[in-house]
Amino acid sequence: MREKLSLTILVAMFLSACVEKTQHEDAYDPARDYFSFANTEQFVTQHLSLDLVVDFDARELRGRATLAMRKLDSAAKDIVLDTRDLDIGNVRILLPGGESVTADYQFGDSDRIKGTPLIVGLPEAAAAATDFGLQLEYRTSPTSTALQWLPPKLTAGGKHPMVFSQSQAIHARSWVPLQDTPAVRITYGATIRTPPELLAVMSADNDPLAPRRGEYHFDMPQPIPSYLLAIAVGNIYFAPLGEQTGVYAEPELLEASVFEFADTQEMLDQAERIFGPYQWGRYDLLVLPPSFPYGGMENPRLSFITPSLLAGDRSLVSVVAHELAHSWSGNLVTNATWRDGWLNEGMTSYLESRLMEVIYGEDRVDEERVLSYQELLLDLETVPPDMQALAPRLDVGDPDDFQGTIHYSKGQLFLQYLENAFGRDEFDHFLSAYFDTFAFRTITTERFLDFLDEGLLQAESSTIGRADVEEWLFQPGLPEDAPRPSSRTLEDAKALAADWAARKIDTADIPVASWSPQAMVHFINSLPADLPNDRLAELDEGLGFSDTRNAEIGRTWFIQVAKRRFTPAYEKLERHLNRFGRGRLIFPVYLALAENGKDLELARAMFAKARATYHPLTDARIARALETARTGS
Ligand code: BES
Ligand code: ZN
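Given the structure is predicted, the values throughout are model-derived calculations rather than measurements.

Q: Explain the side chain of T194 to me, and be specific about the residues and the numbers.
A: For T194, the location among the structural elements is in the loop between β11 (185-193) and β12 (199-202). Here T194 is in contact with V54, A200, G214, Y216 and V233, once residues within four sequence places are set aside.

Shown next, in the form of structure tokens:
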């Protein structure tokens, strides 16, 4: 009897586990943010005010965050916020009448990626309030994943420290306790106290002429998602670029930045003409030290930019066009969750290409389209099929590692496909209606699809239907009729790579003087796999790739150097790894070394020497890749 019972129980347990699993699978909700603990269906934040001291000695921000909250569910008792490595002190509830009461709080279980939920119990006295303030005293940890604390020697000037934030995707919670999900939009205000000689800037109403007094006030009156909260403090100065545009940088980089980004105002003017009004007031750039982990980050009113764009010839400014374009796609109309990231990044990559085309002409944008298409084709070889959809299922893993070129290049190609199908005029009309309709809102892929369906697909003249679009959004790979970017100048460069490799032409005959850096990148990528290393030496001697000032050429060249084990250039390769900290420029070089069958240990040794200069996120990403890389055959 006992045996039988326990068998029955076992079977029942097994069955219920199966049911739970299928239920869990069925219950996947594309509109839910699986990367936040916040109970946003019960409470939402409307405004954030910060009062923070920036302490470079302790490497911490400390002070107070006050969240203006609204209760949506009258039965709700606990507020759950996102945090990571935050030290929380006193928590109070500010009642509408002006009184305040202490609230109890506790931390829930920590998750390696998502951080730690902070659960605040609403005290009895606050039970009846719909709108109230939640005030938290807190300090950040020196290892906050959002903040990089730079000692003076890692800045251009070498005399002052600097700190900057990178909140996307889910790092805002490591410098502010909040509902860290793009589903919630907040306005914010801040008082920031710094050492008196330094300037603080934020993703808000920066005042280029603010006197340096060690206390700065900010206001961001437009509601933004938490991943767009941003701060930087350092020896930063401002120079105007245009009427509404300018650039902040350390004084050592200011002149070069003014030259490189001189077209920013023109980009803004063209963007308004095509996509509709710019809704954010000023648009400035902040050029950061080399450790900034990305090419750029679209913090509203103040894009953060890598100094690796300072090539001296404006050849890499598509990143600025990209970050500016996010002022529409992303900052104005925001992806509901990281699973809809293509709505931010793919749409922005498409808008970026449109800006590049009006300002720099079709040849240049064709080159850029081909290069990103090539990167996409390479990625499609390695990304698992279920993650090749523009909007796949996403409920686990790290949103920072998610998608890459799928969101960007496949997304861009999809919008190009729509433009081709409906014609530019009609598609532009659709785009401005889209930005207008969803301005300051957060939407899912499904909502986009419905809007597209109503606006364009259902028209009698439409040559494509909902099923065609669903294939782009939800299926792996590329549809048969996907656009195939091509560029005459890149084809020439590719043909010359073959001719040169076959000794049909000499190194001196390669017309590099007339080539764009993009053509150079394509030339390097087109060199045959079996080219002997003495020919690479010839090329390097003739064209000086190892000494290039252009970070994209350097990236492409050193990936090849590592793949082909062209050891004479290893010293310069290491210099490249020490010079740049932007993930895109260094990560694939480390990976190529680690995977060439011989140099994993060398890659680890180079990383050990360089890593102190890297951003915590870049450092963690490379460390993980080099730990798991297998030693060569
Ligand atoms: N928003 C991204 C950067 C980002 C994405 C940070 C995901 C964290 C998680 C930014 O707009 C971007 O796309 N940067 C690119 C620029 C490029 C595609 C022009 C980059 O950094 O390379
Ligand atoms: Zn982007």
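Picking up where we left off.
Q: Now, about the layout of surface pockets: what can you tell me, with residues and values included?
A: The space that makes up the second largest pocket amounts to roughly 460 Å³. Looking at the second largest pocket, it is lined by 29 residues, and the ones nearest its centre are P290, P307, S308, R579 and F580. Those elements that place two or more of their residues in the lining of the second largest pocket are α14 (551-563) and α15 (570-579). Per-element tally for the lining of the second largest pocket: the top contributor is α15, with five residues. Each of domain 1 (43-324) and domain 3 (488-631) accounts for three or more of the residues forming the lining of the second largest pocket.

Q: How would you explain the domain arrangement of the protein chain if you had to name every residue and give the values?
A: According to the domain assignment, the protein chain contains domain 1 (43-324), domain 2 (331-474) and domain 3 (488-631). Here domain 1 and domain 2 have C-alpha centroids that lie 27 Å from each other. Carbon and sulfur atoms make up 61% of the area that domain 1 and domain 2 hide from each other, which totals about 2900 Å². For the pair domain 1 and domain 2, the interface holds zero salt bridges.

Q: Can you break down the packing of helix α16 (residues 583-594) against helix α17 (residues 600-610) residue by residue, with the values?
A: Relative orientation of the contacting elements α16 and α17 amounts to 145°, with a least axis distance of 7 Å. For the pair formed by α16 and α17, the contact residues are Y590, L593 and A594 on the first element and L600, A603, M606, F607 and A610 on the second. Of the residues belonging to the contact of α16 with α17, the class tally is eight nonpolar, no polar and no charged.

Q: Any details on the nonpolar core? Residues and values, ideally.
A: The biggest cluster of nonpolar side chains holds 150 residues, and the ones touching the most others in it are W175 and F414. In this structure, A569, L577, I586 and F607 belong to the second largest nonpolar core, which totals 52 residues.

Q: Hey, could you go over empty space enclosed by the protein for me, with residue numbers and the actual values?
A: Per the stated rule, a full pass over the model turns up two cavities of 30 Å³ or more. A volume near 70 Å³ is recorded for the largest cavity. Lining the largest cavity, in full, are R369, S372, Y373, L376, S409, Q412, L413, Q416 and P485. Sorting the residues of the lining of the largest cavity by element identifies α6 (362-382) and α7 (405-422) as the ones contributing at least two each. For the lining of the largest cavity, the residue count by class is four nonpolar, four polar and one charged. Roughly 40 Å³ of internal volume is contained in the second largest cavity. If you go around the second largest cavity, the residues you meet are T45, L67, L178, Q179, V184, I186 and S226. Residues belonging to the lining of the second largest cavity are distributed by class as follows: four nonpolar, three polar and no charged.

Q: Give me the lowdown on the environment of F414, citing residues and values where you can.
A: With respect to the secondary-structure elements, F414 resides in helix α7. Exposure remark for F414: the relative accessible area of 0% places this residue in the buried category. Each C-alpha atom, one on F414 and one on V469, is 8.4 Å from the other, the two residues being 55 residues apart in sequence. With near-sequence residues (within four places) excluded, F414 lies in contact with W342, L390, F448, L452, V469, W472 and L473.

Q: Report on the site of ligand 1, specifying residues and quantitative values.
A: Surrounding ligand 1, one finds 14 residues, the nearest of these being Q168, G295, E298, E323 and Y408. Within the contact set of ligand 1, an oxygen atom lies 2.5 Å away from a backbone nitrogen or oxygen of G295. Note that an oxygen atom of ligand 1 is positioned 2.7 Å from one of the side-chain N or O atoms of E323. When isolated, ligand 1 has an accessible area of 520 Å², and the protein chains bury 85% of it. If you list the elements that add at least two residues to the shell around ligand 1, you get β18 (296-297) and α4 (318-325). Of the residues forming the shell around ligand 1, the biggest block, three residues, is contributed by α4. Taken together, the residues that form the shell around ligand 1 break down as four nonpolar, six polar and four charged.

Q: Quick rundown of the sheet that holds strand β9 (residues 147-150)? Include the residues and the values.
A: Sheet architecture is open: four strands sit in the order β9-β10-β14-β12, paired in antiparallel fashion. Of all the strands in the sheet, just β9 and β12 have a single pairing partner and so form its edges. The sheet shows a mean angle of 10° between the axes of neighbouring strands, direction not considered. Bridge count for strand β10 (residues 162-165) against strand β14 (residues 231-234) is two bridges, and the pairing is antiparallel.

Q: Before we move on, could you go through the coordination of the zinc ion (ligand 2) and cite the residues and values that matter?
A: Binding of the zinc ion (ligand 2) to the protein goes through H322 (NE2), H326 (NE2) and E345 (OE), at separations of 1.9 to 2.1 Å. Here the donor residues of the zinc ion (ligand 2) share one chain and are spaced in sequence as H-x3-H-x18-E. Across the pair, H326 and H322 agree in class, each one buried.

Rules and cut-offs
- Here the residue numbering is sequential within each chain, running from 1 through the sequence in written order.
- To read the labels, note that chains go from A and ligands from 1, taken in the order they are written.
- At least 70 in pLDDT is required for a residue's local features to be given in this predicted model, at least 80 for side-chain atom pairs to be given and counted, and no such filter applies to totals for whole chains, interfaces and linings, which use all residues.
- In computing side-chain properties, one takes all heavy atoms of the structure into account and sets aside hydrogens as well as water.
- Counting from the N terminus, the helices are the DSSP runs of H or I reaching at least four residues and the strands are the DSSP runs of E reaching at least two.
- Contacts are assigned to residue pairs with any non-hydrogen atoms lying within 4.5 Å of each other.
- Whether a set of points on the 1 Å grid over the protein atoms alone is a cavity depends on a 1.4 Å probe fitting there but being unable to get out, while an open set qualifies as a pocket with protein on both sides within 12 Å along at least five of seven lines; lining residues are those with an atom within 4 Å of a point.
- Grid points are joined across faces, edges and corners, and a volume is the space filled by probe spheres set on the points.
- Boundaries of every domain are those given by an automatic assignment or by a domain database.
- Values labelled buried area give the accessible surface lost by two parts on being combined, using a 1.4 Å probe and summing over both.
- A side-chain nitrogen of Lys or Arg and a carboxyl oxygen of Asp or Glu constitute a salt bridge if their distance falls within 4 Å.
- To get an axis, fit a line to the C-alpha atoms, keeping to the stretch in contact for a helix; angles then go from 0 to 180 degrees between the N-to-C directions.
- Residue polarity follows a fixed list, in which Ala, Val, Leu, Ile, Met, Phe, Trp, Tyr, Cys and Pro are nonpolar, Asp, Glu, Lys and Arg are charged, and the others, Gly among them, are polar.
- In this description, a nonpolar core means a group of buried Ala, Val, Leu, Ile, Met, Phe, Trp, Tyr and Cys residues linked to one another through side-chain atoms lying within 4.5 Å.
- Buried means the residue's accessible area, taken with a 1.4 Å probe over protein chains only, is under 20% of the maximum for its type, while exposed means over 50%, and partly exposed covers the values in between.
- A molecule or strand has a residue near it when one of that residue's heavy atoms lies within 4 Å.
- In protein, a polar contact requires one atom able to donate a hydrogen and another able to accept it; more generally it is a pair of N or O atoms within 3.5 Å, and residues adjacent in sequence count only if both atoms are side-chain atoms.
- Here the accessible surface of atoms and residues is derived via Shrake-Rupley with a 1.4 Å probe, and residues count as covered only by protein chains that are part of the display.
- Two strands are counted as paired when DSSP detects at least two bridges linking them.
- Donor criterion used throughout: N, O or S atom within 2.8 Å of the metal, extended to 3.2 Å for Na, K and Ca. Water excluded; incomplete-looking sites may result.

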